[in-house]
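Each chain is listed here by its residues.
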Amino acid sequence: MKKGLVLEGGAMRGIYTAGVLDVFMEHNLTFDGVIGVSAGAIHGCSFVSKQHGRSIRYYLKYMRDPRFMSFRSLLTTGDLVGTQFCYHDIPERLDVFDYETFAKSKTEFYVVATNLLTGRAEYVRLDDMKDISWMQASASMPLVSHPVQIGGKKYLDGGVADSIPIQAFRRMGYEKNIVVLTRPEGYRKKPSRMNAVKIVYKQYPAFVRAMQNRYRRYNRTLEEIEELEKQGEILVLRPSKDLGIGRMEKRPEKVKALYKLGREDAKAKIVEIQRFLGQERRDQDGSI
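### Examining empty space enclosed by the protein
Part 1 of the argument: Enumeration over the complete set of coordinates arrives at six cavities of 30 Å³ or more.
Part 2 of the argument: Considering only enclosed or pocket space, the largest cavity measures out at about 370 Å³ in volume.
Part 3 of the argument: As for the largest cavity, its lining consists of 22 residues, of which Ile42, Tyr58, Tyr59, Cys86 and Tyr87 are closest to the centre.
Part 4 of the argument: Elements supplying a minimum of two residues to the lining of the largest cavity: α2 (39-48), α3 (54-62) and α5 (83-94).
Part 5 of the argument: The dominant element in the lining of the largest cavity, judged by the number of residues it contributes, is α5, at four residues.
Part 6 of the argument: Here the residues of the lining of the largest cavity are counted per class, giving 20 nonpolar, one polar and one charged.
Part 7 of the argument: The space that makes up the second largest cavity amounts to roughly 130 Å³.
Part 8 of the argument: If you trace the second largest cavity, you find 16 residues lining it, with Glu8, Gly9, Gly10, Arg214 and Arg247 closest to the centre.
Part 9 of the argument: Of the residues belonging to the lining of the second largest cavity, the class tally is three nonpolar, six polar and seven charged.

### Remarks on the packing of helix α10 (residues 205-212) against helix α11 (residues 214-230)
Part 1 of the argument: The N-to-C vectors of α10 and α11 enclose an angle of 50°; their axes lie 4 Å apart at closest approach. One finds that α10 runs oblique with respect to α11. Contact residues: α10 offers Ala210, Met211 and Gln212, while α11 offers Arg214, Tyr215, Arg216 and Arg217.
Part 2 of the argument: Looking at the contact of α10 with α11 residue by residue, the classes come out as three nonpolar, one polar and three charged.

### Quick notes on α11
Part 1 of the argument: The end-to-end C-alpha separation of α11 is 24 Å, in line with the 24 Å expected for 17 residues at 1.5 Å each.
Part 2 of the argument: All of the buried residues along α11 are Arg214, Tyr215, Tyr218, Asn219, Thr221, Leu222, Ile225 and Leu228.
Part 3 of the argument: Packing partners of the buried residues in α11 comprise β6 (153-157), α8 (166-171), β7 (174-180), α10 and β8 (234-237).
Part 4 of the argument: Just beyond α11, the residue with positive phi is Gly232, at close to 75°.

### Focus on the nonpolar core
Part 1 of the argument: Counting 65 residues, the largest nonpolar core has Leu5, Phe24, Phe68, Phe109, Met129, Met135 and Ile178 as its most contacted members.
Part 2 of the argument: Tallying contributions element by element places helix α1 (residues 15-26) first for this core, with eight residues.
Part 3 of the argument: Those residues in contact with Met129 that sit more than four places away from it in its chain are Cys45, Phe97, Tyr99, Phe102 and Met135.

### A few points about the layout of surface pockets
Part 1 of the argument: Of the voids in this model, the largest pocket is the one considered here, and its volume is about 520 Å³.
Part 2 of the argument: Taken together, 23 residues line the largest pocket, and the ones lying closest to its centre are Pro142, Ser192, Met211, Arg214 and Arg247.
Part 3 of the argument: Of the pockets and cavities examined, the second largest pocket occupies roughly 310 Å³.
Part 4 of the argument: Lining the second largest pocket are 13 residues, with Leu29, Thr30, Lys50, Ser105 and Thr107 sitting closest to its centre.
Part 5 of the argument: Taken together, the elements giving at least two residues each to the lining of the second largest pocket come down to α2 and α6 (99-104).

### Points about the packing of α1 against α2
Part 1 of the argument: The N-to-C vectors of α1 and α2 enclose an angle of 15°; their axes lie 9 Å apart at closest approach. As far as their axial angle goes, α2 and α1 are roughly parallel. Between α1 and α2 the crossing geometry is right-handed. Together, Ile15, Ala18, Leu21, Phe24 and Met25 of α1 and His43, Gly44, Ser46 and Phe47 of α2 make up the contact between the two elements.
Part 2 of the argument: Looking at the contact of α1 with α2, its residues break down into six nonpolar, three polar and no charged.

### With respect to the pattern of salt bridges
Part 1 of the argument: Applying the stated criterion across every chain yields a total of 13 salt bridges.
Part 2 of the argument: Residues Arg67 and Asp65 are paired through a salt bridge, measuring 2.7 Å at the closest nitrogen-oxygen approach.
Part 3 of the argument: On the basis of relative accessibility, which here comes to 44%, the residue Arg67 falls in the partly exposed class.
Part 4 of the argument: A residue is classified by how much of its surface remains accessible, and Asp65, at 17% relative accessible area, is buried.
Part 5 of the argument: Asp127 is the salt-bridge partner of Arg125, the closest N and O atoms lying 3.2 Å from each other.
Part 6 of the argument: Salt bridges linked by common partners bring Arg54, Arg57 and Asp95 together as one network.

Conventions and cut-offs
Residues numbered from 1 in each chain as written. Predicted model: local features only at pLDDT ≥ 70, side-chain atom pairs only at ≥ 80, totals over all residues. Heavy atoms only, no water. 1 Å grid on protein atoms, 1.4 Å probe; cavity = no way out; pocket = protein on both sides within 12 Å on 5 of 7 lines; lining within 4 Å. Points joined across faces, edges and corners; volume = space filled by probe spheres on them. Helix = DSSP H or I, 4+ residues; strand = E, 2+ residues; numbered from the N terminus. Nonpolar A, V, L, I, M, F, W, Y, C, P; charged D, E, K, R; others polar. Axes fitted to C-alpha atoms, helices over the stretch in contact; angles between N-to-C directions. Parallel < 35°, antiparallel > 145°, perpendicular 65-115°, else oblique. Contact = heavy atoms within 4.5 Å. Expected span 1.5 Å × (residues − 1). Buried < 20%, exposed > 50% of the residue type's maximum accessible area, 1.4 Å probe, protein only. Core = buried A, V, L, I, M, F, W, Y, C linked by side-chain atoms within 4.5 Å. Left-handed = near helix turned anticlockwise from the far one by under 90°. Salt bridge = Lys/Arg side-chain N within 4 Å of Asp/Glu carboxyl O.

Next up, the structure:
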């Protein structure tokens, strides 16, 4: 039975996921496949490359740098998230990504991006992280990012079409899944104003419809997740409390607190997680 790890996005809220994944690494938990959306993909790839602590390290060091994610970057480049800085300078020079370990990993790694023309999610397996285009596409938020062109097609944030790709992963054959969410229990997404979306993406009516239906699809997925959780088919980790952190959080103390919460929540359920995965004896000290 293939074991999968499904990682929701959420921009800066994704640092919760980084805390969870660092605890998973400390306990040597392994998966046959990992699928991430936006920030989930960004933190998930460091899990596959086995770089413990990398996410929180470079977030705290660079998150206030205007080249990282800022309205200055948006005004000067058209992208809220700095393409050169985040997708090249950091992984290639400043906090080097372990491309070799990632490439040699037996864990299949997938990212989700939304096709502007069809308005549908595409699930892409990545074997080589040196081509960063799919990662960038998955994390490129509408209205504040240029579409990423790949193979003559344009893509944006995977969360538009499939924020939590649990059903997609199940269809791929991953039958035993852990899902990491970045919103606390009981959260439901509300509809957003679509005026700007209709204007900016008027050439892509399918994408506009996907944006309009995003909250419905997201809430329906949460209901499906809750049912699967009750049936014991999946195990879910979600923030045990709401720390009030937004998508563009810049306060180091808030980011540290959310990372710490991810660690605490993972530790609190670690025995349950190990049993669910059938990996009870994989702690570093050999204990159960």
